[in-house]
Amino acid sequence: DTEVTQTPKHLVMGMTNKKSLKCEQHMGHRAMYWYKQKAKKPPELMFVYSYEKLSINESVPSRFSPECPNSSLLNLHLHALQPEDSALYLCASRGLAGSYNEQFFGPGTRLTVL
Amino acid sequence: AQKVTQAQTEISVVEKEDVTLDCVYETRDTTYYLFWYKQPPSGELVFLIRRNSFDEQNEISGRYSWNFQKSTSSFNFTITASQVVDSAVYFCALSDAIQGAQKLVFGQGTRLTINP
């Protein structure tokens, strides 16, 4: 299984809602990533988890809250978002053992904040 | 600081033409890694290739080929006999991390349209 899955595929939420994005991989990868991608722009790194511990937070606003409950799962909890947070949210994973490894990306969640 | 420049914002060609996507990078590190990713309209970034800074061998994979030249800090990507399915946004990326978090520095991307 060489796949990263993300749910939901699309999400529409109001500014007062609380929602969560989910990412899952079964490749045994121990690094997992959240990226935000606006239209016609490259992905921007938000968070990195290594061995289930948060290792990088790219100064992301606290209305985005990541969680890594185990080595296969990565969540992104959303609360009180703004319309400018509307974007494609991509998850990626990467193996940390052995030789250098690349990141594998999921299909993303298209988020619209009304 | 690291930087990746993809000067071609959009390219449009007719099917079966060859097309080259340019990528120029900047880094002060002696060890670094370069990548190409493809992003079709569905949104998923698809890994195409990784190249280490100490390996300047060019690579060919079917209709795809990559030309890595450290002397000009370039890592260009050529599609031979392009097909409509090659239409996508292509990102070149750079990383200096051997282990750990591996932060990728992406170029702005090149939108490639292959017309039938």
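All of the points below concern the structure found in this document.

So, how was this worked out
Residues numbered from 1 in each chain as written. Chains lettered and ligands numbered in written order. Predicted model: local features only at pLDDT ≥ 70, side-chain atom pairs only at ≥ 80, totals over all residues. Heavy atoms only, no water. Phe/Tyr/Trp six-rings, centres within 6.5 Å; stacked < 30°, edge-to-face > 60°. Helix = DSSP H or I, 4+ residues; strand = E, 2+ residues; numbered from the N terminus. Buried < 20%, exposed > 50% of the residue type's maximum accessible area, 1.4 Å probe, protein only. Salt bridge = Lys/Arg side-chain N within 4 Å of Asp/Glu carboxyl O. Pairing = 2+ DSSP bridges. Axes fitted to C-alpha atoms, helices over the stretch in contact; angles between N-to-C directions.

## Side note on the packing of aromatic side chains
Phase 1 of the analysis: Tallying each qualifying case throughout the model produces 18 aromatic pairs over all chains.
Phase 2 of the analysis: For the ring pair B:Trp66 and B:Phe77, a centre distance of 5.0 Å and an interplane angle of 5 degrees mean the geometry is stacked. On the criterion of sequence distance, the pair formed by B:Trp66 in strand E8 (residues 64-69) and B:Phe77 in strand E9 (residues 74-79) is long-range, its members being eleven residues apart.
Phase 3 of the analysis: You can call B:Trp66 buried: its relative accessible area is 4%.
Phase 4 of the analysis: Accessibility expressed as a relative area gives 0% for B:Phe77, which makes it buried.
Phase 5 of the analysis: Through a chain of ring-to-ring contacts, the aromatic side chains of A:Tyr33, A:Tyr35, A:Phe104, A:Phe105, B:Phe35, B:Tyr37, B:Phe47, B:Phe91 and B:Phe106 assemble into a single cluster.

## Notes on the pattern of salt bridges
Phase 1 of the analysis: Tallied over the entire structure, the rule returns nine salt bridges over all chains.
Phase 2 of the analysis: Between A:Glu24 and A:Lys22 there is a salt bridge; the shortest N-O distance is 4.0 Å.
Phase 3 of the analysis: In this structure, B:Arg50 engages A:Glu102 in a salt bridge whose closest nitrogen and oxygen atoms are separated by 2.7 Å. Of this pair, B:Arg50 sits in strand E6 (residues 46-52) while A:Glu102 sits in the loop between strand E9 (87-94) and strand E10 (104-105), each in a different chain.
Phase 4 of the analysis: In this structure B:Arg50 comes out as partly exposed when scored by relative accessible area, which is 24%.
Phase 5 of the analysis: Relative accessible area serves as the criterion here: at 14%, A:Glu102 is assigned to the buried category.

## Let's talk about the sheet that holds strand E1 (residues 4-7) of chain A
All names here are of chain A.
Phase 1 of the analysis: Spatially, four strands are ordered E1-E3-E8-E7 in an open sheet, and the strand pairing comes out antiparallel. With partners counted over all chains shown, the strands left at the sheet margins are E1 and strand E7 (64-70), one partner each. Strand-to-strand twist of the sheet, defined as the mean angle between neighbouring strand axes without regard to direction, takes the value 20 degrees.
Phase 2 of the analysis: The pairing of E1 with strand E3 (residues 18-25) spans four bridges and is antiparallel. Across the sheet, Thr5 pairs through a bridge with Glu24, a residue of E3.

## Overview of the pairing of strand E8 (residues 73-79) of chain A
Residues and elements named next belong to chain A.
Phase 1 of the analysis: Within E8, five of the seven residues are buried, leaving the element largely enclosed by the surrounding structure.
Phase 2 of the analysis: By the bridge criterion, five bridges tie E7 to E8 in an arrangement that is antiparallel. Pairing of Pro66 across the sheet is with Leu76, part of E8.
Phase 3 of the analysis: The turn linking E7 back onto E8 is made up of two residues.

## Thoughts on unusual backbone geometry
Residue and element names in this part refer to chain A.
Phase 1 of the analysis: The omega torsion across Thr7 and Pro8 is -10 degrees, close enough to zero to call that bond cis.
Phase 2 of the analysis: Within the element layout of this structure, Pro8 appears in the loop between E1 and strand E2 (10-13).
Phase 3 of the analysis: Even without being glycine, Lys40 reaches a positive phi, approximately 65 degrees.
Phase 4 of the analysis: Judged by its relative accessible area of 69%, Lys40 falls in the exposed class.
Phase 5 of the analysis: Phi is positive for Glu52, which is not a glycine, with a value near 65 degrees.
Phase 6 of the analysis: Within the secondary structure, Glu52 sits in the loop between strand E5 (44-50) and strand E6 (53-57).
Phase 7 of the analysis: Owing to a relative accessible area of 28%, Glu52 belongs among the partly exposed residues under this scheme.

In short, geometric facts, not functional conclusions.
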